[in-house]
Amino acid sequence: MNIVMITGECLPFSKTGGLGDVCYSLSKEFVKNKHNVSVFVPFYKKFDFNKYKEIEKVFTFPVNMGWRKPFANI
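Only a predicted model underlies this, so the values are computations on that prediction, with no experimental measurement involved.

The rules behind these values
- Residues numbered from 1 in each chain as written.
- Predicted model: local features only at pLDDT ≥ 70, side-chain atom pairs only at ≥ 80, totals over all residues.
- Heavy atoms only, no water.
- Helix = DSSP H or I, 4+ residues; strand = E, 2+ residues; numbered from the N terminus.
- Rg over C-alpha atoms; globule rule 2.2 N^0.38 Å.
- Buried < 20%, exposed > 50% of the residue type's maximum accessible area, 1.4 Å probe, protein only.
- Contact = heavy atoms within 4.5 Å.
- Areas by Shrake-Rupley, 256 points an atom, 1.4 Å probe, with all protein chains shown as cover.
- Lys, Arg positive; Asp, Glu negative; His and termini not counted.
- Charge placed at Lys NZ, Arg CZ, Asp CG, Glu CD.
- pLDDT = per-residue confidence, 0-100.
- Core = buried A, V, L, I, M, F, W, Y, C linked by side-chain atoms within 4.5 Å.
- Polar contact = N/O pair within 3.5 Å; in protein donor to acceptor, adjacent residues only side chain to side chain.

Student: Help me out: how do you make sense of the overall build of the protein chain in this one?
Tutor: Along the backbone of the protein chain there are one helix and four strands. From first element to last, N terminus to C terminus, the protein chain shows the α and β order β-α-β-β-β. On C-alpha atoms alone, the protein chain measures out to a radius of gyration of 14 Å, which is more than a quarter above the 11 Å that the 2.2 N^0.38 rule sets for 74 residues. Overall, the C-alpha framework of the protein chain stretches about 45 × 25 × 25 Å when taken along its three principal axes. A total of 74 residues make up the protein chain; the buried ones form 16% of that total. In the protein chain, 38% of the contacts between residues at least 6 apart in sequence involve partners at least 24 apart. Of the roughly 6100 Å² of accessible surface on the protein chain, a fraction of 59% belongs to carbon and sulfur atoms. Seen as two clouds, the 11 positive and the 6 negative side-chain charges of the protein chain have centres 6 Å apart.

And the structure:
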């Protein structure tokens, strides 16, 4: 089964409360049970791409936010 988890935090990338622990543990259990798991988390400024080589940036697109037009990465 393909499983996609979208969350605000997930160990080891980010953690402020229990959600990071739960997302990490749950995704590991899914993988142990032979499921294909993808986890999507926000790209926080302190995120270290060099530390996690398995992370793949697929594409970048602009997001219209009033007078600003920041870019989002998937």
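Student: How do you make sense of the confidence of the model for the protein chain when you look at a structure like this?
Tutor: In this model, the protein chain carries an average pLDDT of 86, and 99% of its residues clear a pLDDT of 70 or more. Confidence, read as mean pLDDT per element, is least for strand S4 (residues 71-73) in the protein chain (83) and greatest for strand S1 (residues 2-6) (94).

Student: Just to check I follow, could you spell out the nonpolar core for this structure?
Tutor: If you look at soluble globular proteins, the nonpolar side chains tend to sit buried side by side. Of all hydrophobic cores here, the largest spans five residues; its members are Ile3, Met5, Cys10, Cys23 and Val37. If near-sequence neighbours (up to four positions away) are discounted, Met5 is found in contact with Cys23, Leu26, Ser27, Phe30, Val37, Ser38, Val39 and Phe40.

Student: Would you take a moment to explain the environment of Phe43 for this structure?
Tutor: Locating Phe43 in the fold gives a position in the loop between strand S2 (36-40) and strand S3 (60-62). Once the C-alpha coordinates of Phe43 and Asn73 are considered, the two residues, 30 residues apart in sequence, prove to be 7.9 Å apart.

Student: Help me out: how do you make sense of the side chain of Thr7 in this one?
Tutor: Within the element layout of this structure, Thr7 appears in the loop between S1 and helix H1 (18-32). Looking at Thr7, its side chain comes within polar contact range of the main-chain oxygen of Glu9, at 3.0 Å. Contact partners of Thr7, with chain neighbours within four places excluded, come to Leu19, Cys23, Val39, Phe40, Val41 and Pro42.

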